[in-house]
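Structural overview for review
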Amino acid sequence: MVKTHQLSLRERQAIDSEFRECTLYTQLKPLVLEWGSDSASFALAPAEAFYHLTRSMDDLLSADGKDARLEYCHNLCDELFEHLAETVDADSEDCRKAACIVAGALDTCLYAVDHQLYLDEIIALKSANDYRRELQPLFKPWMRSDMNTDIRECLSAYFVSDIRISGMIEDKIRQMRQDENEAQEKARLRQSAEVYIEGNNYGLAAKTMTLSLPDGSFATINPELLNKFLDNGNHNQG
C-alpha cells in the first residue's frame, strides 16, 4: 500500500531542499524514516515531521509561562493525532505513531537544550506518549552529552533567536499553493475562451467565459453578449 502524505511531493521536496543542511533536520530525517518504515497506510515524511516538530517547538516557545507550556505538552500528542486522523485517510494507529514521534522528538529537544529547566515539560510529553518506551532508544544519541553536541548547540541557538522555522515553512507552502492555483486558473481560462480573427471581424469563441474580479470572486458571462459588443465596435469603427 502506498503511504499517504499531508504535503504534496513538490512541497516536501521544497522543504528538504531548503533545510537539508539544518542540523535538526539531518538528525531527525533517518529516525523518521526508520520509525515509519513498518507503517502500512501512513507515516510522516521527514519534511512533514520536521514541520510538525518546529511548529510544536515554536508554539512552546511562544507559550505564556510555565503552566501554559505544561498544558501544551500534555495535550500535544492527542491533538496532533486528532489533526492527522482528520486530514489523512489512514489507519488510526499509524496516525498515533506519527503523532508520538513528533512529541518524542520535542521532549528530546527540550532535554538536549536544558533537561533541568524543562523537566516538567519533558515528563508531561512522555506521560501522554503511548510509544515513549519504543521511541527512547531511537532518540538516545540525542540525550548523550558525548554525542549530542551538534544538536544541543543548534537547538540552544534556536531557542534564544527570533527565527521561527515553522513560519518560514508555512509561508513557502502558502506561496507554492497560491502560485499553483493561479497557474491552474489561467490554464482553465485559456481552455474556456479563445480569441478568433476572421478578416476584419474578431471576437470570442467559447461556451462560457469566467472573469476574475478585484475582490477575488469570479463572474461568468455569456460570450455572445461580449461578441455583440465587439461587433458593434467593429461597425462603429467602420
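Residues numbered from 1 in each chain as written. Predicted model: local features only at pLDDT ≥ 70, side-chain atom pairs only at ≥ 80, totals over all residues. Heavy atoms only, no water.

1. Structural notes on the pattern of salt bridges
For the record, the criterion: Salt bridge, as used here: a side-chain nitrogen of Lys or Arg that lies within 4 Å of a carboxyl oxygen of Asp or Glu. Each helix is a run of H or I in the DSSP string that is no shorter than four residues. Each strand is a run of E no shorter than two, and both are numbered from the N terminus. Partly exposed describes any residue whose relative accessible area lies between the buried limit of under 20% and the exposed limit of over 50%, with all areas from a 1.4 Å probe on protein chains only and scaled to the type maximum.
As enumerated under the stated definition, the model contains 14 salt bridges in all. Note that Glu 11 and Arg 177 form a salt bridge whose closest N and O atoms lie 2.6 Å from each other. Here Glu 11 is found in helix 1 (residues 9-19), whereas its partner Arg 177 is found in helix 9 (residues 165-192), with 166 residues between them in sequence. A relative accessible area of 38% means that Arg 177 is categorised as partly exposed. Salt bridges sharing partners connect three or more residues here, namely Lys 66, Arg 69, Asp 120 and Glu 121.

2. Considerations on the confidence of the model for the protein
Just so we agree on the cut-off: Values of pLDDT, which run from 0 to 100, indicate the predictor's confidence residue by residue. By the convention used here, residues are in contact when the closest approach between their heavy atoms is within 4.5 Å.
Overall, the prediction assigns the protein a mean pLDDT of 83, with 76% of residues at 70 or greater. Contacts from residues 195-204, a stretch scored under 50 in pLDDT, to residues over four places away or in other chains number 21 contacts.

3. Considerations on a negative patch on the surface
Filter applied, for reference: Here the term patch refers to residues with relative accessible area over 30% and no salt bridge, with like charges joined within 9 Å and nonpolar side chains (Val, Leu, Ile, Met, Phe, Trp, Tyr) within 5 Å. Only the protein chains shown count as cover for residues, with accessible areas throughout obtained via the Shrake-Rupley method and a probe of 1.4 Å. Charge convention: Lys and Arg are scored as positive, Asp and Glu as negative, and His as well as the terminal groups of each chain are ignored. Charge positions are represented by NZ for Lys, CZ for Arg, CG for Asp and CD for Glu.
A surface patch of like charges, here negative, comprises Asp 67, Glu 71, Glu 79, Glu 82 and Glu 86. Relative to the elements of secondary structure, Glu 71 occurs in helix 4 (residues 66-87). Given a relative accessible area of 54%, Glu 71 falls into the exposed group.

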